[in-house]
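# Understanding the architecture of this molecule
Given next are the chains, with one letter for each unit.
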Amino acid sequence: MTEIRICHLYPKEMNIYGDRGNIAVIQKRLEWRGYSSSITPISTGDDFTPTNFDLCYLGGGQDRDQMIVAYDLQKKSAALHSAAKDGMVFLWVCGGIQLAGAGYTDSEGRRIPGVGILDLDTSAGKNRLIGDLVLEAELNGDTCKVVGYENHAGRTFLGPDATPLGSVLKGHGNNGIDRTEGAVQRRAIGTYMHGPILPKNPWLADKLLSWAIEHKTGKMPTLTPLDNSLENLAQQVAITRAGVKR
Amino acid sequence: MSNIALSLAKAAGWISRALGFGGGTTIPGMILLKLRPRALQEMAQELEEIIIISATNGKTTTARMVSHAAHESEISFVANTSGANLSSGIATALLQRNPDERFGIFEIDEAALPDLIPQIRPTVLVLMNLFRDQLDRYGELETTIQKWKEMIESLPETTKLIINADDPALAYLGSLHQNVEFLGLELTDYGSETIPHAADSLHCQKCDSPLNFKQVTIGHLGHWECQNCGFRRPNPSFTGDKINLKGLNGSEFIAASKKDSLEIQIPLAGIHNVYNALTAYATCSTIDISTTKIQKGLSTISAAFGRNEIINFDGIELMIMLAKNPAGANQNLKTLLLEEGNMHLAILLNDRTADGKDVSWIWDVDYEMILDRISSLTISGDRAYDLALRFHYSGFPATSMHVAPSIQELLEHLKSTIKTDGRAIALPTYTSMLDLRAGLNKIGATHSFWEEK
């Protein structure tokens, strides 16, 4: 059985928006298709070895914890860059997308460094952008609606090397101005969307899985279709409650 | 004070109830504060002793316990017992106060607390715990901690602070005030050495280093010490020891202070209610209520609405356990595990303002601990399908859960599943608890919450 190796970065510090739901979805959707998986938590002080993993997850945390994590992440920067270049899959959510970029300038002008695997930069806005978030997302030419929730003070703007994950149908997205949300660069995805993002958006989950399987096996798999009826119902309800017509 | 403002506001409560808009537990106060913004200060000044209780979890039940003991002690007091815990609810309670009521016992929302403290000026301020809760509404836990810190730094020395030493962040806040008493639970078999997934305050407030825990009771509450600077759980002057949890039937423990020690029995389940009762004991003891009155007050307490409240309908005993955030929900699940056998479970998830519009938090609840004890699972509420996914991805078979789109269908499904003389447990969020009670009320099984005092 092929084993997909998942690295969960800073699960103790960065976990405030139900992040482990994303991990559960990745694991279960692999398992239901006959793949096994391993989850390795990597915390402050631990080494990150790029060749050990196929998918790397980083979630959202409180400002205080994000600061602690940001400095530790600097020590892993070279390894993360090498992994990204090698096609490892990244899903970095909320605080994660900010850490994936060049850095974060907080409300007092202090600069918190990022690792720069996504071409974007973030600075704090006056108010928090909070509420339902609905996107028309696009990956590899496929489009799909993606729904969740956002709650962030950061305003993120993409550079030329990153493309948005989607355009905002409802909510604020990266910065509340340009209607973009998230960022994609090679197989690294950053997003402000939690809820968590993957349970209600199996389309996105399956994209990540197939990339991770390709990273492991060298071959893009044809994924066995799963019964997504509960996922689709939950997505429909969330989109409707966000006030977007399907 | 202007009689017109008072009369208008009082009439509004009556009109609200008469028109069926709800209890009028907040509307009169809301109108009064619009007409007269300083009304809270003016009305609170007339009280001799003001006790304010705040926390993420347990404030309603604890305030109810203190009120009960005060009642036993024949203290005449005003309180906001219906859980209306923002400025409007406190103003409504004060507006409806009898002039002979010299004490005030209020439970206040943790986010509303910093603005209300300078207006109400409590003589005793009781802070129980802070857990992650409705991040879309309250923001990050650290933000609340910072606001509470500023609040405590501007407290007059005369205000007595009662603090749960088991909460590391609160213990730090307590250390900033001279006039403080701590409370805490002694080591107990119900504690654990492992920190649950949804734990929050795990870093030292003084130096940011990780905390070591010798025991965890709920979330991040327990016996803790900083690895780096040595800042540690203060020695409490009120302690709870020899805890015995008797399943859903209740709990008992020994409460002790420098003055006395007494056995406390409460008909409420779970270690969270032991914290609530210990906090009530510390508070009552501080305002000189005698131990016998405290004992009696606590042993005869009934559940606050929706908190371990039992409602019977059509031969089914339905226990409602409010579950509105990860720490509270986990605590309810742990309490259910104390019972023998399998259970019929109903979980209700709404995403309205009072619930938090972000439903991510259900993924931080450790539902996994009860999966093999569920004989039937019924799911309802505005966001029922999010819950269904939560269970689906925990490996619970989709064929074993039933999604009931309305309260009526939920109750009918429970009836047909359980047949007669069975028991079911409902874990609702706040507004779905109100919906559930309204549904039960419709079939004649309960009374309206504003009738409670």
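Everything numeric here is computed off the predicted structure, so don't read it as measured data.

### Examining the overall build of chain B
- Helix and strand counts for chain B come out as 15 helices and 17 strands.
- For 453 residues, the compact-globule estimate of 2.2 N^0.38 gives 22 Å, and chain B sits close to it at 22 Å.
- For chain B, the C-alpha atoms occupy an extent of roughly 60 × 60 × 40 Å along the three principal directions.
- Evaluated residue by residue, chain B yields a buried proportion of 64% over its 453 residues.
- Working note: accessible area of chain B is about 17,100 Å², and carbon and sulfur atoms make up 49% of it.
- Side chains of chain B carry 39 positive and 53 negative charges; the gap between the two charge centres is 4 Å.

### Considerations on the interface of chain A and chain B
- On the chain B side, the residues contacting the 34 residues of chain A number 34 residues.
- The junction of chain A with chain B conceals about 3,200 Å² of combined surface from both sides, 54% of it contributed by carbon and sulfur atoms.
- When the buried surface of chain A facing chain B is broken down by residue, Arg20(A), Arg64(A) and Leu230(A) rank first, second and third, together holding 23% of it.
- Put simply, chain A and chain B have 6 salt bridges between them.
- Here Asp208(B) makes a salt bridge to Arg64(A), at a shortest N to O gap of 2.7 Å.
- For the side of chain A that touches chain B, the elements supplying multiple residues, two or more each, are helix H1 (20-31), helix H2 (63-75), strand S7 (120-139), strand S8 (142-158) and helix H6 (229-241) of chain A.
- No other element matches the 7 residues that H6(A) contributes to the side of chain A that touches chain B.

### Details of the environment of Gly159(A)
All names here are of chain A.
- Note on placement: Gly-159 falls in the loop between S8 and strand S9 (166-170).
- As a C-alpha pair, Gly-159 and Leu-120 span 39 residues in sequence and 5.2 Å in three-dimensional space.
- With near-sequence residues (within four places) excluded, Gly-159 lies in contact with Asp-119 and Leu-120.

### What to know about the domain arrangement of chain B
Residues and elements named next belong to chain B.
- Taken domain by domain, chain B comprises domain 1 (38-299) and domain 2 (307-451).
- The straight-line distance from the C-alpha centre of domain 1 to that of domain 2 is 27 Å.
- On the side of domain 2, 28 residues touch domain 1, which itself brings 26 residues to the contact.
- Of the roughly 2,100 Å² buried between domain 1 and domain 2, counting both surfaces, carbon and sulfur atoms make up 52%.
- On the surface where domain 1 and domain 2 come into contact, there are 1 salt bridge.
- The tally of links from domain 1 across to domain 2 stands at 9 residue pairs in polar contact (both at pLDDT 80 or more).

### A few points about the sheet that holds strand S13 (residues 316-321) of chain B
Residue and element names in this part refer to chain B.
- If you trace the 6 strands from one edge of the open sheet to the other, you get S12-S13-S17-S14-S15-S16, paired in mixed fashion. The sheet is open, and its two borders are formed by strand S12 (307-313) and strand S16 (401-404), each paired with just one other strand. Pairs of neighbouring strands in the sheet enclose a mean axial angle of 25°, with direction left out of account.
- Note: strand S14 (residues 343-348) against strand S15 (residues 374-380), 6 bridges, orientation parallel. Paired with Ile-347 across the two strands is Ile-379, which belongs to S15.
- Seen against the sheet, helix H15 (residues 430-442) touches S12, S13, S14 and strand S17 (423-428) and runs at an angle of roughly 155° to S13.

### Comments concerning the packing of aromatic side chains
All names here are of chain B.
- Summed over all chains, the structure comprises 8 aromatic pairs over all chains.
- For the pair Tyr-172 and Phe-231, a centre-to-centre distance of 6.3 Å together with 85° between the ring planes defines the contact as edge-to-face. One end of the pair, Tyr-172, is in helix H9 (residues 168-174); the other, Phe-231, is in the loop between strand S8 (222-226) and strand S9 (238-245), and 59 residues separate them in sequence. For the pair shown, Tyr-172 and Phe-231 are each scored as buried.
- With a centroid separation of 6.0 Å and an interplanar angle of 75°, the aromatic rings of Phe-391 and Phe-396 are classed as edge-to-face. Each member of the pair, Phe-391 as well as Phe-396, carries the same accessibility label: buried.
- In textbook terms, an aromatic cluster arises when at least three aromatic residues are bridged by ring pairs, as seen for Tyr-172, Trp-224 and Phe-231.

### Some points on the pattern of salt bridges
- Counting across every chain of the model gives 39 salt bridges over all chains.
- Here Asp241(B) and Lys242(B) are joined by a salt bridge, their closest N and O atoms 3.9 Å apart.
- Residue Asp241(B) is classed as partly exposed on the basis of its relative accessible area of 26%.
- Salt bridges sharing partners connect three or more residues here, namely Lys200(A), Arg241(A), Asp351(B), Arg352(B), Asp382(B), Arg383(B), Asp386(B) and Asp435(B).

### Considerations on the pairing of S12(B)
Residues and elements named next belong to chain B.
- Across the 7 residues of S12, 5 count as buried, placing the element largely inside the fold.
- As paired elements, S12 and S13 share 6 bridges and run antiparallel to each other. Within the sheet, the bridge partner assigned to Phe-313 lies in S13 and is Ile-316.
- In this structure, the hairpin formed by S12 and S13 is closed by a connection of 2 residues, where Asp-314 is found at a positive phi of approximately 45°.

### Concerning the environment of Phe253(B)
All names here are of chain B.
- Inspection of the secondary structure puts Phe-253 in strand S10 (residues 251-256).
- For the pair Phe-253 and Thr-239, spaced 14 residues apart in sequence, the C-alpha to C-alpha distance is 9.9 Å.
- With sequence-adjacent residues up to four places away left out, Phe-253 is seen in contact with Gly-240, Asp-241, Lys-242, Ile-243, Leu-262, Glu-263, Ile-264, Val-274, Ala-277 and Leu-278.

### Thoughts on H2(A)
- Its 13 residues give H2(A) an end-to-end C-alpha distance of 19 Å, which sits within 8% of 18 Å, the value for a rise of 1.5 Å per residue.
- Within H2(A), the full set of buried residues consists of Arg64(A), Asp65(A), Gln66(A), Val69(A), Ala70(A), Asp72(A) and Leu73(A).

### A closer look at the nonpolar core
- Among the nonpolar cores identified, the biggest contains 72 residues, and Ile189(A), Leu198(A), Leu345(B), Leu377(B), Phe391(B) and Ile425(B) are the most heavily contacted of them.
- The dominant element in this core, judged by the number of residues it contributes, is helix H5 (residues 202-217) of chain A, at 8 residues.
- Summarising the domain contributions, this core has at least three residues from each of domain 1 (38-299) and domain 2 (307-451) of chain B.
- If sequence neighbours within four positions are ignored, Ile189(A) has contacts with Phe90(A), Leu91(A), Trp92(A), Leu118(A), Leu139(A), Leu165(A), Ala183(A), Val184(A), Leu204(A), Leu208(A) and Trp211(A).
- Counting 53 residues, the second largest nonpolar core, distinct from the first, contains Ala9(B), Leu95(B), Leu170(B) and Trp224(B).

### Let's talk about the environment of Leu55(A)
All names here are of chain A.
- When you line up the elements, Leu-55 lands in strand S3 (residues 55-58).
- With 145 residues separating them along the chain, Leu-55 and Lys-200 place their C-alpha atoms 20 Å apart.
- Setting aside residues no more than four positions away along its own chain, Leu-55 makes contact with Arg-5, Ile-6, Cys-7, Ile-26, Met-88, Val-89, Leu-208 and Ala-212.

### Section: the packing of helix H14 (residues 407-418) of chain B against H15(B)
All names here are of chain B.
- Two elements in contact, H14 and H15, have axes whose closest approach is 9 Å; the angle formed by their N-to-C orientations is 70°. Between H14 and H15, the angle falls in the class roughly perpendicular. The two elements H14 and H15 meet at a crossing, and its hand is right-handed. Counting all contacts with H14, which are made through Ile-407, Leu-410 and Leu-411, the residues of H15 involved are Asp-435, Leu-436, Gly-439 and Leu-440.
- Taken together, the residues of the contact of H14 with H15 sort by class into 5 nonpolar, 1 polar and 1 charged.

Here is what the cut-offs are and how they apply
Residues numbered from 1 in each chain as written. Chains lettered and ligands numbered in written order. Predicted model: local features only at pLDDT ≥ 70, side-chain atom pairs only at ≥ 80, totals over all residues. Heavy atoms only, no water. Helix = DSSP H or I, 4+ residues; strand = E, 2+ residues; numbered from the N terminus. Rg over C-alpha atoms; globule rule 2.2 N^0.38 Å. Buried < 20%, exposed > 50% of the residue type's maximum accessible area, 1.4 Å probe, protein only. Areas by Shrake-Rupley, 256 points an atom, 1.4 Å probe, with all protein chains shown as cover. Lys, Arg positive; Asp, Glu negative; His and termini not counted. Charge placed at Lys NZ, Arg CZ, Asp CG, Glu CD. Contact = heavy atoms within 4.5 Å. Buried area = accessible area lost by both parts, 1.4 Å probe. Salt bridge = Lys/Arg side-chain N within 4 Å of Asp/Glu carboxyl O. Domains from an automatic or database assignment. Polar contact = N/O pair within 3.5 Å; in protein donor to acceptor, adjacent residues only side chain to side chain. Pairing = 2+ DSSP bridges. Axes fitted to C-alpha atoms, helices over the stretch in contact; angles between N-to-C directions. Phe/Tyr/Trp six-rings, centres within 6.5 Å; stacked < 30°, edge-to-face > 60°. Expected span 1.5 Å × (residues − 1). Core = buried A, V, L, I, M, F, W, Y, C linked by side-chain atoms within 4.5 Å. Parallel < 35°, antiparallel > 145°, perpendicular 65-115°, else oblique. Left-handed = near helix turned anticlockwise from the far one by under 90°. Nonpolar A, V, L, I, M, F, W, Y, C, P; charged D, E, K, R; others polar.

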